[in-house]
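# Notes for the structure review
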Amino acid sequence: MQKQGSQTQRNPLRGNLIIGPSLTATQKRGIVEKGFYKSDITMHASGGIISTMNDMSKWLAANINQDHVLLNNDSWEDLHTSTATQDKKYYTYHRSGYSLGWDIAEYRNNMILTRFGGLAGISFHISFMPDKKLGVIAFSNDNRAYLLPHLMANYAYNLINEQPADSIFKSEETLFNQSFERENEVQYPADSEMLMVNMDNDNIIGTYQNSKKWPTIKIYKEGDHYIFNWGILKGKVFRNDEDGYSSNLGVLSRDFKVSNGTLITGSLIYKK
């Protein structure tokens, strides 16, 4: 609340939750798509978190301090100890194990527990160094900058750990720049390239079922174009360069082909 003279006025921005949209962008076209794609029906174990920076900070602090109100000490140890082995490199992190939700990794000779994720342009980083009692949360909402949260987190760690943060940043930035440029050059169809409704194209219309119980696909007309509807996801249909079709469904894009009542997308086969 703000006081002005004898009147009390509510700050219209205070208390409002502002959600940054997911952005799909390229150098040639700028922003191709933007939106918020999470909903109750799309919440699941792999990608089902909607939170705030404040709440995520509390969760990270609880892990770092092994908060005894939430869990006892033995439970925290189980949560932070590897239950499965792995030997993988992701960006600058070497992963050696996996616990109940955390990748056990190493960064510049420090043990680090990480949890990364991404969806439709959003890239998220949460990590902590248990021995140093340091943690970082970072995110980006631009599809081209999916490595940016990790680059920022590393800079913070190196700065706090009194490492040559600027020189390390420059070497790690090379990988970021390479990935950014790759994404920057990806071609996305424009609305002018949509598959337009006509009798020749109507043969793709229909309801398609998969024998392995994957969600039903429906293709139908909407105005002067066609819609590819896969379960709860849908997008406009475009002709692609491989004598088939494509559709941007927000959280992902799909290429598909239709011939004689059979629709194939990836390795999945559907029948009309």
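See the structure printed just above.
Report follows, based on the coordinates.

Definitions and limits used
In this numbering scheme, every chain counts its residues from 1 along its sequence in written order. The model is predicted, so local features are restricted to residues of pLDDT at least 70 and side-chain atom pairs to those at 80 or more, both for listing and for counting; the totals for chains, interfaces and linings are taken over all residues. Excluded from the side-chain calculations are hydrogens and water; all other atoms, namely the structure's heavy atoms, are used. What makes two strands pair is DSSP finding at least two bridges between them. Runs of H or I in DSSP of at least four residues are treated as helices and runs of E of at least two as strands, each being numbered from the N terminus. Side-chain rings of Phe, Tyr and Trp, where Trp is taken by its six-membered ring, are said to pair if the distance between their centres is within 6.5 Å; with planes under 30 degrees apart they count as stacked, over 60 as edge-to-face, and otherwise as tilted. Only protein chains enter the calculation, and the probe is 1.4 Å; a residue is then buried if its accessible area is under 20% of its type maximum, exposed if over 50%, and partly exposed in between. The term nonpolar core refers to a set of buried residues drawn from Ala, Val, Leu, Ile, Met, Phe, Trp, Tyr and Cys, joined through side-chain atoms within 4.5 Å. By definition here, a salt bridge exists when the distance from a side-chain nitrogen of Lys or Arg to a carboxyl oxygen of Asp or Glu is within 4 Å. To estimate the expected span of a helix, count its residues, drop one, and scale the result by 1.5 Å. A contact between two residues is defined here by any heavy atoms of the two lying within 4.5 Å.

### Re the pairing of strand 17 (residues 262-265)
Alignment of strand 16 (residues 253-259) against strand 17, held across three bridges, turns out to be antiparallel. Each residue of the ladder has a partner; that of V258, found in strand 17, is L263. Connecting strand 16 to the next strand, strand 17, in antiparallel fashion are two residues, including N260 with a positive phi near 50 degrees. Pairing of strand 17 with strand 18 (residues 268-271) involves four bridges; the strand directions are antiparallel. Across the sheet, the residue bridging to T265 is L268, located in strand 18. Counted between consecutive antiparallel strands, the loop separating strand 17 from strand 18 contains two residues, among which G266 sits at a positive phi close to 65 degrees.

### A few points about the packing of aromatic side chains
The final tally for this structure, using the stated rule, is 11 aromatic pairs. Centroid distance Y93 to Y107: 5.7 Å. Interplanar angle 55 degrees. Geometry classified as tilted. Taken together, the residues Y93 in strand 6 (residues 93-98) and Y107 in strand 7 (residues 103-107) connect sequence positions 14 residues apart. The exposure class of Y107 is buried, given its relative accessible area of 2%. Geometrically, the ring pair formed by Y93 and F116 is tilted, given 5.5 Å between the ring centres and 55 degrees between the ring planes. On the criterion of sequence distance, the pair formed by Y93 in strand 6 and F116 in strand 8 (residues 110-119) is long-range, its members being 23 residues apart.

### Things to note about the nonpolar core
Membership of the largest hydrophobic core comes to 17 residues, with the highest contact counts inside it found for I204, I217, I219, F228, V237, F256 and L263. In terms of residue count, the dominant contributor to this core is strand 13 (residues 225-230) (three residues). Counting residues in hydrophobic clusters, the runner-up holds 16 residues, among them M129, L134, L151 and F176.

### Considerations on the pattern of salt bridges
Should their charged atoms come close, side chains of opposite charge can pair. Tallied over the full model, the rule gives five salt bridges. Close ionic contact of D103 with R115 constitutes a salt bridge, the shortest N to O distance being 3.5 Å. One end of the pair, D103, is in strand 7; the other, R115, is in strand 8, and 12 residues separate them in sequence. On the accessibility criterion, D103 (4% relative accessible area) is buried. For R115, a relative accessible area of 30% translates into the label partly exposed. Note that K221 is salt-bridged to D202, the shortest N-O span being 3.2 Å. With K221 in strand 12 (residues 217-222) and D202 in the loop between helix 4 (165-184) and strand 11 (206-208), this pair connects stretches of sequence that are 19 residues apart. Relative accessible area serves as the criterion here: at 23%, D202 is assigned to the partly exposed category. Linked by salt bridges that have partners in common, R95, D103 and R115 make up one network.

### Here we look at helix 4
When the terminal C-alpha atoms of helix 4 are compared, their 27 Å separation across 20 residues agrees well with the 28 Å that a helix rising 1.5 Å per residue should span. Considered for burial, the residues of helix 4 that qualify are A165, I168, E172, F176, S179 and N184. The inward-facing, buried residues of helix 4 abut strand 3 (22-26), strand 7 and helix 3 (148-160).

### Considering the environment of A165
Along the polypeptide, A165 turns up in helix 4. Judged by its relative accessible area of 4%, A165 falls in the buried class. Not counting residues within four places of it along the chain, the set of residues in contact with A165 comprises Y155, N158 and L159.

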